[in-house]
Amino acid sequence: MKISLALDSTSLTRRYPRLAVLVTLFMAFGVPLGLYAGALAVFPLNRPEVLNALAKEWLGWDLATSPYRNLVYAGFLLLVAFIAVNYTAVFGGVSTWVERRVAGRMQSRIGPNRTGAAGFLAWVADAVKMVLKEDTIPGSADNLLFRAAPYFSMVGLLLPFVVLPFGESTVVTDMNVGVFYVAAVTAFVVVGILVSGWASNSKWALFGGIRGAAQVLSYEIPAGIALMVPVLMAGTLSMQGIVRAQGGLPWEWFVFRNPAALVAFFIAVTSSLAEGNRTPFDLPEAESELVAGYHAEYSGFRLAIFLMVEWANMWIMAGLAVTLFLGGWQVPGVSPEMYLHARGAGLLPAPLWFVLQAASMLVFIIKTWALVFLFIWLRWTLPRVRVDQMMSLCWKYLVPGAFLCFIVTLLWQLLVPPLGCKITGILLTICASAFLVKFLRDTRRNIDRVTGDRVDLTNW
Amino acid sequence: MPIDMELDRHILRRTTTTEEEIVVNFGPQHPSTHGVINFVTQTNGEIIRRSVPEIGYLHRGLEKIGEMVPYPGYMPFTDRIDYLAAMFANEGYAVAIERLLGVEPPPRAKYIRAIAGELCRISNHFISVGTMAQDIGAATPLTHALRERESINDLLEELCGARLTFNFHRIGGVAFDLPEGWGTKVLRFLDHLDSYIQEWDRLITFNKIFVKRLANVGIINRALAIDYGLAGPNLRGSGVRWDIRRDMPYGAYPDFDFNVPVGTGRVGTVGDCWDRFFVRVQEIVESSKIVRQALAKLPEGDIQAKVARKLKPEVGEAVGRVESARGEMLYYVVSDGSEKAYRLRVRTGSFMAMGIIEELSHGIMVADLIAIIASLDVVAPEVDR
């Protein structure tokens, strides 16, 4: 009884009304900012030569020749991994809250608003609830595979963070095969879906697993080819190299540089929606058909992992599209030399460098969140496609379309001079802006057309 | 149609022999069965070979209850036959007993019945099209539909004190007159509704994915629909212009001018799932028209005919048929001269719709089965009674 009183958040917040606001502010800004700051501080140091120099300068320890150097490097990598894993968990949680609030707005209802200010702590409460739930394994399930399945999904979610650049220097490592690596490791998620579908020994889960396998493996192909378009334009597979080949302003982004890249962007985003099992491609868990699909038999922490993977995948999907097509972290008006210049010659960079790095992270985060919002809107607007329609969209339209974009980009790179790229960039940017204005005006007009149906802001 | 579904179900379970096929039970608890129904489905992967509905989970013996309580006392039970469109279940019973007694309700009562009924039809059709959109995977239309229905629930609550099980009709009239200023509120809601329906069409009806999912799926042609005895929007979706309100008028309906929308195959074939969906959307507009006309022409006078306190109809039988939201709702009552019915029988649209699912299920995909069930607008308690 005493324990339940101590844990009862409502009585606590009733006694100290400001506590809820403080906790919410800490969770909403403190934790993410801490993670971003941690990433900013730790990711650039994650190189043997930097660590060697630091150890020599500060500790007077010649790490480069020490027999324990690999242990130190590994320990440092664990720190990096800790930040990345926590970032995924926090993003997955926060995005569920954002999604539920946005969905509530779209659906003329309130959404979570009880736990913490504006219901922000709902995701923490959900996570705690999930962990406290009984972890059931069906008697007829394949015990080992059933337990292993969430880890496959988890690994598939976390591995892309190795090369996903958050900012100019805020990247774990800049692999020279970065794009290829991302395309390869994201497929791990489908292993988790397939294994969970099979191991659950349930017909719904089996349907979901088979659908998931068919869907994700099919859409890997158009996604892979569409991802080759920015690779061709940048001439490198490295994620940082691709971002550096773009600029900060919209007409310097790859997406507007040539029409084929614009199409490839849409193909890539559509395919990543399908790979992430988001509506309109949420077939593997299609609630109205398969109850819960591949995770129908899961509960507790294992289910929490599947759900976290599903939401946190949005960051990977959006971050990848931003990096490859939308200029990544490039800040308008800041050239690569300025970063170098700001860094100074010291062992640790100058404060101005950190400011520039933070600005580049901010640009990336804003762009990525904008795309995440788009995914959320799509999910709460569109119906689900059927299995055969999903397949025919992939093989009849996206795969040939992606190939066409690939070839057009090849020819474009060969035949069109840089000035042509600039003109196309500006033209397409103008078109996109005009489309955006039209979209907003249509939205306003459609809202006005319904009489007696004003959006009530008081609940928000 | 299988003569004995129970037997058929066992045959289905015994004949599953090929290695590729499995039997999946869609139900009794499943998000898309709209109540406690089981669809025993024999599938080869995503392709269904056959799906047989197994009904009876919600059988509460409502017809038998009708033979055990006095005539007026059965009215609250009729609400439970179809809880989403209880006005029609009330009205059908009232009409049957009035014919048995030879009583005619006063004109004002007839108009109030029409107003309440058409509002109830709008609310029911919103649930129907909303859950259909939900079953196709779009979550937002349902909540918008529920929002609109909520306004109707408020109006009907003001009218009769209940939001779902109205118990509003009485033999020979209705229970309550319209409250003060209620008509204005209804008109204000209808103004909103008429502009909202256009938004609904933009949101879901003509959504490209939605149309692709429903066009040419679950086609019931004219002859098939008549053979299986489909009723209401399911029948009209197949292009059969048959509406009890127009063709066998009762109550105040001869006074109103309204269209009977039918499926035209606008995006696919006549009688596909989309046609049945769109017929319901159009019927919402028509119901709105009827309510406006009824409010404009509402006569003054009593709301209840003179009826004896103890009802003892002469020996005989009567049929009351009304156009419910789910099609023709027919009450057949036999009187033996006592205060209770000797036999009471209810024929409902949902039950007739269950029969055709097996016919449609050969060779379709799992997602199509869900679309077909949703498009037939089945409500489990109305199937089983």
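Residues numbered from 1 in each chain as written. Chains lettered and ligands numbered in written order. Predicted model: local features only at pLDDT ≥ 70, side-chain atom pairs only at ≥ 80, totals over all residues.

**Some thoughts on the overall build of chain B**
This is how it is decided: Under the scheme used here, helices are H or I runs from DSSP no shorter than 4 residues and strands are E runs no shorter than 2 residues, and both carry numbers assigned from the N terminus. Restricting the calculation to C-alpha atoms gives the radius of gyration, and the globule rule supplies 2.2 Å times the number of residues raised to the power 0.38. Partly exposed residues are those whose C-beta has more than 12 but fewer than 20 other C-beta atoms within 10 Å; with 20 or more the residue is buried, with 12 or fewer it is exposed, and the C-beta atoms are placed from the backbone. A pair of residues counts as a contact when their C-beta atoms, built from backbone coordinates, are separated by no more than 7 Å.
The secondary structure content of chain B amounts to 15 helices and eight strands. A compact globule built from 385 residues should have a C-alpha radius of gyration of about 21 Å, and chain B, at 21 Å, falls within 12% of that. Expressed as lengths along the three principal axes of its C-alpha atoms, the size of chain B is roughly 70 × 50 × 35 Å. Relative to its full complement of 385 residues, chain B shows a buried share of 52%. Within chain B, residue pairs in contact and separated by at least 24 positions form 71% of the contacts whose partners lie at least 6 positions apart.

**A closer look at the packing of helix H13 (residues 259-275) of chain A against helix H15 (residues 300-325) of chain A**
Residues and elements named next belong to chain A. The test is simple: To obtain each axis, a line is fitted to C-alpha atoms, and for helices this fit is confined to the stretch in contact; angles are then taken between N-to-C directions over 0 to 180 degrees. By the definition adopted for this analysis, an angle is roughly parallel if under 35 degrees, roughly antiparallel if over 145, roughly perpendicular if from 65 to 115, and oblique otherwise. By the definition used in this description, the sense in which the near helix is turned from the far one sets the handedness, with an anticlockwise turn below a right angle giving left-handed and a clockwise turn giving right-handed. Note on residue classes: Ala, Val, Leu, Ile, Met, Phe, Trp, Tyr, Cys and Pro are nonpolar, Asp, Glu, Lys and Arg are charged, and everything else, Gly too, is polar.
Following both chains from N to C, one finds H13 and H15 inclined at 165 degrees, their axes separated by 10 Å at the closest point. In terms of orientation, H13 lies roughly antiparallel with respect to H15. You can see that H13 and H15 cross each other, and the crossing is right-handed. Side by side, H13 and H15 meet where Ala-261, Phe-265, Ala-268, Val-269 and Ser-272 of the first sit next to Met-317, Leu-320, Ala-321 and Phe-325 of the second. Split by residue class, the contact of H13 with H15 holds eight nonpolar, one polar and no charged.

**Here's the deal with the nonpolar core**
Residue and element names in this part refer to chain A. This is how it is decided: Think of a nonpolar core as buried Ala, Val, Leu, Ile, Met, Phe, Trp, Tyr and Cys residues chained together by C-beta atoms that fall within 7 Å. Each domain's limits were defined by an automated method or a database of domain assignments.
Counting residues in each nonpolar core, the largest one holds 232 residues, and the members touching the most others are Ala-226, Ala-261, Ala-264 and Ala-321. Take this core: its biggest share by element is 17 residues, from H15. For this core, the two domains that each supply at least three residues are domain 1 (1-132) and domain 2 (137-416). When sequence neighbours within four positions are dropped, the list of residues in contact with Ala-261 reads Val-229, Met-233, Phe-254, Val-255, Phe-325 and Thr-409.

**Topic: the pairing of strand S7 (residues 327-335) of chain B**
Taken residue by residue, a regular strand's side chains alternate between the two faces of the sheet. Residues and elements named next belong to chain B. Our working rule: Between any two strands, at least two bridges found by DSSP are needed for them to pair.
In terms of residue burial, S7 counts as a mostly covered element, since seven of its nine residues are buried. Pairing of strand S6 (residues 316-324) with S7, which is carried by nine bridges, proceeds in the antiparallel orientation. From the neighbouring strand, Glu-323 faces S7, where its bridge partner is Glu-328. In this antiparallel pair of consecutive strands, S6 and S7, the connection spans two residues. Inspection of the sheet shows S7 paired to strand S8 (residues 341-347) by six bridges, in the antiparallel sense. Within S8, the residue paired with Tyr-332 across the bridge is Arg-345. Here S7 folds back onto S8 in antiparallel fashion, the turn holding five residues, of which Gly-337 has a positive phi close to 90 degrees.

**Thoughts on H15 of chain A**
All names here are of chain A. Convention followed: To estimate how far a helix should reach, multiply one less than its number of residues by 1.5 Å. To get the bend at a residue, fit one axis to the 7 residues ending there and another to the 7 starting there, then take the angle between the axes.
With 26 residues, H15 ought to run about 38 Å at 1.5 Å a step, and its terminal C-alpha atoms sit 38 Å apart, in line with that. The largest bend along H15 measures about 25 degrees and falls at Trp-311. With 22 of 26 residues buried, H15 is to be regarded as a mostly interior element.

**Things to note about the confidence of the model for chain B**
Formally: A residue's pLDDT is simply how confident the predictor is in it, with values from 0 to 100.
Per-residue confidence for chain B gives a mean pLDDT of 86, with 95% of residues at or over 70. The ipTM for the predicted assembly is 0.79, set against a pTM of 0.84.

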